[in-house]
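The residues making up each chain are set out below.
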Amino acid sequence: MSWHPQYRSSKFRHVFGKPASKENCYDSVPITRSVHDNHFCAVNPHFIAVVTECAGGGAFLVIPLHQTGKLDPHYPKVCGHRGNVLDVKWNPFDDFEIASCSEDATVMIWNLDTKESVITSPMRTISCHQDVILSMSFNTNGSLLATTCKDRKIRVIDPRAGTVLQEANYKGHRASKVLFLGNLKKLMSTGTSRWNNRQVALWDQDDLSVPLLEEDLDGSSGVLFPFYDADTSMLYVVGKGDGNIRYYEVSADKPHLSYLTEYRSYNPQKGIGVMPKRGLDVSSCEIFRFYKLITTKSLIEPISMIVPRRSESYQEDIYPPTAGAQPSLTAQEWLSGMNQDPILVSLRPGSELLRPHPLPAERPVFHSMAPASPRLLNQAEKLAAEDGWRSSSLLEEKTPRWAAEHRLEEKKSWLTNGFDVFECPPPKTENELLQMFYRQQEEIRRLRELLTQREVQAKQLELEIKNLRMGSEQL
C-alpha cells in the first residue's frame, strides 16, 4: 500500500463508525447473488430498497425504514423486469418514486403509493441503452454528466445536447466508478492501475488528459465505491468484498486528499446504500450513514459515522445548509438551458427552507398505503402532477400565504427527525416498545432545547423593546 497518511488538524479527525445493534438491523433479507459491481441498495428517510433473488425475472424489495428485525419470507416484491435487476435509485425529490435498471437493458420508474401488495406495472419504461454504462454522476446544478463505460474511460457530457465535452485517454488508470466532488470542479474516480492495484484518481473536470492525483490503495480485486459528502468535504471509499470503509478529507489545494482513518469489520459487504443528509440523526452528531449488505448473514446492517461531541445541543459547524428534497427547477426549465443550485435546508429541528420556493400545485389524492397519515396524503398530492410545478404567480392567486405557511408548519409537526409519527404501528415486542420509549425521550429532550431557545429569543426581544421605549422617551 503506497498511501502515506498526512495527519493534520481537522474536526473530523476522530470520526468513527458505529454499527447498529441486532434489533436495528434488517434480518433474513434474500440479498441478490448477482456478480455485477453495483450498490444493490438505495435508502431514503422512509424506505430502504434492496435488490433480491427472484425466479423468472428481476425484483427488489421496498421495506419501511422503521420495520427492522426479521423479514417475512413472503414479503411482497416489486416485479416487472425480464432480467435480473442490477441497481435501484430513489427520486431525490419524491420518497415514493424509485427507478430500477436491469439486464434486459431497460430502466423502469415505479410509483409505490399504491394499495397493491405486489407491484408489477411501472409508471415509465426507458429502453435506449446499447452498451454497458458502469457509473454516472451529475454535478451540483445538473449542467454536466460524468460517466464511465465498459471501455474504462471517463467522459464529461453535456446532458442536454448529448455531446462529449471531455474524454480521458490516460492509460495508467482504468476507471470503474466516477463522481463529481461538489463545487470543487473536480472528479474522483476509482478503478485499477496498470498493475491491477485498486486505485483512486482525482481529475480536473476541464482537463482529463492527466489526473491531478493517483494513489494505489491495495491489491484486492473488489470494486471501490466512492461516496462524497459536499457538506463536510469528506470522501468515503467502500470496497466490495471487504468490510472496510476508508474516509478522507478533500480540499481544493494540494495534496487534495488527506487520509483520516478507517472503519474495519470482518463481515464483507456485497453492496452498500447511503441515507440522504435529511434522514440523519443530528442529536447524536451523525454525519453519514451506510446500509451494508452482508450476503453471508442475509443481513442489512446500518453503520453511522459519528463525530464525537460532548454537547447535546445542535452542532452548527458540522451541519451546514444542505440540499433539500425540493427541486429548484422544473424539467421544462432545465431542458431549456437553465442552471440552478439545489435549494438548501438546515438540519436544525424545526427550521425552514433557506431559499423560498413556490409550493407544488394542489393535486388529486391517490390510493395510499396508509390513508390516515397526513404525510402520505401530502406525498400523494406531489405524485399526481404531470406538468411539473405551477408558477409562483398562479399559486399566489389561488392559495393565500397564510394557508401555505400553515401547511408547512403542519408538515413539520408530523415529522420527528425524519420519522413519521402517523406511520408508526403500535409496538408488538418489548424491543419495539423500548425503541418507541427512547424516541419519545429524544423528542422531549429536543422540545426542551427548542423551548429554551424560544425563551432566550423572547428575553432578547423584550430587552430590544425596552431599549426602544427608553430611546423614544429621551427624544
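Cut-offs and rules
- Residues numbered from 1 in each chain as written.
- Predicted model: local features only at pLDDT ≥ 70, side-chain atom pairs only at ≥ 80, totals over all residues.
- Heavy atoms only, no water.
- UniProt positions renumbered as here; feature names shortened; annotations may be inferred.
- Helix = DSSP H or I, 4+ residues; strand = E, 2+ residues; numbered from the N terminus.
- Buried < 20%, exposed > 50% of the residue type's maximum accessible area, 1.4 Å probe, protein only.
- Contact = heavy atoms within 4.5 Å.
- Areas by Shrake-Rupley, 256 points an atom, 1.4 Å probe, with all protein chains shown as cover.
- Pairing = 2+ DSSP bridges.
- Axes fitted to C-alpha atoms, helices over the stretch in contact; angles between N-to-C directions.
- Core = buried A, V, L, I, M, F, W, Y, C linked by side-chain atoms within 4.5 Å.
- Salt bridge = Lys/Arg side-chain N within 4 Å of Asp/Glu carboxyl O.
- pLDDT = per-residue confidence, 0-100.
- Polar contact = N/O pair within 3.5 Å; in protein donor to acceptor, adjacent residues only side chain to side chain.
- Lys, Arg positive; Asp, Glu negative; His and termini not counted.

Looking at an unreviewed UniProt entry, the chain carries the name Coronin, with the source organism given as Macaca fascicularis. Taken directly from UniProt, the Sequence similarities (unreviewed entry) text for the chain runs: "Belongs to the WD repeat coronin family."

**Q** Go over the overall build of the chain with me, naming the residues and quoting the values.
**A** Broken down by element type, the chain carries 5 helices and 30 strands. Each of the 475 residues in the chain was classed as buried or not, and the buried ones make up 45%. Within the chain, contacts between residues at least 6 apart in sequence are counted, and of these 51% link residues at least 24 apart. On the chain, roughly 25200 Å² of surface is accessible, and the fraction owed to carbon and sulfur atoms is 53%.

**Q** Please set out the sheet that holds strand 22 (residues 245-250) residue by residue, giving values where relevant.
**A** Taken together, 4 strands build an open sheet; the order of strands is 20-21-22-23 and the sheet is antiparallel. Each edge of the sheet is formed by a strand with only one pairing partner; in this case those strands are strand 20 (224-229) and strand 23 (257-263). Recorded for the sheet is a direction-independent mean angle of 25 degrees between the axes of neighbouring strands. Summarising the sheet, strand 20 and strand 21 (residues 234-239) pair through 6 bridges and their orientation is antiparallel. Among the inter-strand pairings, Y228 is bridged to a residue of strand 21, identified as L235.

**Q** Could you give me a rundown of the nonpolar core, with the residues and numbers involved?
**A** Formed by 34 residues in total, the largest nonpolar core has its most connected members in I48 and Y291. Those elements that place two or more of their residues in this core are strand 3 (41-43), strand 4 (47-52), strand 5 (58-64), strand 8 (85-91), strand 9 (94-102), strand 10 (107-111) and strand 25 (286-294). For this core, the leading source of residues is strand 4, giving 5 residues. Other than its neighbours up to four places away in sequence, Y291 contacts Y26, C41, V43, I48, L65, G271, I272, G273, M275, I300, E301 and P302. Counting residues in hydrophobic clusters, the runner-up holds 25 residues, among them V15, Y247, V282 and C285.

**Q** I'd like to hear about the pattern of salt bridges, residue by residue, with values.
**A** Under the counting rule described, the total for this entry stands at 19 salt bridges. Between K240 and D37 there is a salt bridge; the shortest N-O distance is 3.1 Å. Residue K240 is located in the loop between strand 21 and strand 22, and its partner D37 is located in the loop between strand 2 (26-27) and strand 3; the two are separated by 203 residues in the primary sequence. The class of K240 is buried, set by a relative accessible area of 14%. Residue classification places D37 among the partly exposed positions, given a relative accessible area of 34%. Here K153 and E167 are joined by a salt bridge, their closest N and O atoms 3.6 Å apart.

**Q** Any details on the pairing of strand 25? Residues and values, ideally.
**A** Among the 9 residues of strand 25, 9 are classified as buried, and the element is accordingly described as predominantly covered. Alignment of strand 24 (residues 271-274) against strand 25, held across 4 bridges, turns out to be antiparallel. Counted as the bridge partner of G273 is Y291 from strand 25. Sheet topology note: the strand 25/strand 26 (residues 299-306) ladder contains 8 bridges and is antiparallel. Its bridge partner lying in strand 26, K292 is registered against E301. In this structure, the hairpin formed by strand 25 and strand 26 is closed by a connection of 4 residues, where S298 is found at a positive phi of approximately 50 degrees.

**Q** Please give an account of the confidence of the model for the chain that cites residues and values.
**A** With 80% of its residues at a pLDDT of 70 or more, the chain has an overall mean of 78. Within the model, pLDDT remains below 50 along residues 355-423, and this stretch shows 113 contacts once partners closer than five positions in the same chain are excluded.

**Q** Can you tell me about the sheet that holds strand 4, naming the residues and giving the values?
**A** With respect to topology, 4 strands assemble into an open sheet ordered 3-4-5-7, the strand pairing being antiparallel. The sheet is open, and its two edges are formed by strand 3 and strand 7 (78-81), each paired on a single side. Direction aside, neighbouring strands of the sheet carry axes that sit 20 degrees apart on average. Sheet topology note: the strand 4/strand 5 ladder contains 6 bridges and is antiparallel. Paired with F47 across the strands is P64, a residue of strand 5.

**Q** Account for unusual backbone geometry, naming residues and giving values.
**A** Omega for the peptide link from K254 to P255 comes to 5 degrees, which places this bond in the cis form. Along the chain, the position of P255 falls in the loop between strand 22 and strand 23.

**Q** Break down the pairing of strand 13 (residues 145-149) for me, citing the residues and quoting the values.
**A** Counting buried residues in strand 13 gives 5 out of 5 residues, a clear majority hidden from the surface. Neither face of strand 13 is left uncovered, since the one carrying L145, T147 and C149 and the one carrying A146 and T148 both have all their residues buried. Inspection of the sheet shows strand 12 (residues 133-138) paired to strand 13 by 5 bridges, in the antiparallel sense. Bridging across to strand 13, S135 finds its partner in T148. Two elements, strand 13 and strand 14 (residues 154-158), share 4 bridges in a ladder whose sense is antiparallel. Looking at the pairing, T147 lines up with R155 of strand 14. Once strand 13 ends, the chain turns through 4 residues before running back antiparallel as strand 14, passing R152 with a positive phi of about 65 degrees.

**Q** Break down the environment of H46 for me, citing the residues and quoting the values.
**A** Its place among the elements puts H46 in the loop between strand 3 and strand 4. The spacing of H46 and P64 is 18 residues in sequence and 6.0 Å in space, taken between C-alpha atoms. A distance of 3.4 Å separates the side chain of H46 from the side chain of D95, its partner in a polar contact.

**Q** Tell me about the side chain of D216, and please be specific about residues and values.
**A** Take D216: it is sitting in strand 19 (residues 213-218). Buried and unpaired, D216 has no salt bridge, with R174 as the nearest side chain of opposite charge at 10 Å. In terms of polar contacts, D216 uses its side chain to reach the side chain of N197, at 3.5 Å. Separated by 2.9 Å, the side chains of D216 and Q199 make a polar contact.

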